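Now for the letters of each chain:
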Amino acid sequence: MATIKIKQIKSKIGYPIDQKRTLQALGLHRISQVVEVEDCPSVRGMIRKVHHLVTVVE
């Protein structure tokens, strides 16, 4: 299966709890952290929800 690398580029401080929990579900805990997750529709939806806090690394 394909994977996606996601990097947190902005702090979660000051954002709603659901966005903080979405970052936690993606495995992101600090700025500049990069995680590799499976590319599936549910993960794409989580990325879309916090698109202002993360970037997809190629």
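A brief look at the structure comes next. Just so we're clear, the structure is a prediction, and the values are computed from it rather than from any experiment.

1. Thoughts on the pairing of strand 1 (residues 3–8)
Only one face of strand 1 is covered, namely the one carrying Ile4, Ile6 and Gln8; the face carrying Thr3, Lys5 and Lys7 has none of its residues buried. In this sheet, strand 2 (residues 34–38) lies alongside strand 1 in antiparallel orientation, the contact comprising five bridges. Bridging from a neighbouring strand, Thr3 pairs with Glu38 of strand 2. Two elements, strand 1 and strand 3 (residues 54–57), share four bridges in a ladder whose sense is antiparallel.

2. Comments concerning unusual backbone geometry
Phi is positive for Ser32, close to 75°, though the residue is something other than glycine. Residue position: Ser32 is located in the loop between helix 1 (17–26) and strand 2.

Rules used in this analysis
Residues numbered from 1 in each chain as written. Predicted model: local features only at pLDDT ≥ 70, side-chain atom pairs only at ≥ 80, totals over all residues. Heavy atoms only, no water. Buried < 20%, exposed > 50% of the residue type's maximum accessible area, 1.4 Å probe, protein only. Helix = DSSP H or I, 4+ residues; strand = E, 2+ residues; numbered from the N terminus. Pairing = 2+ DSSP bridges.

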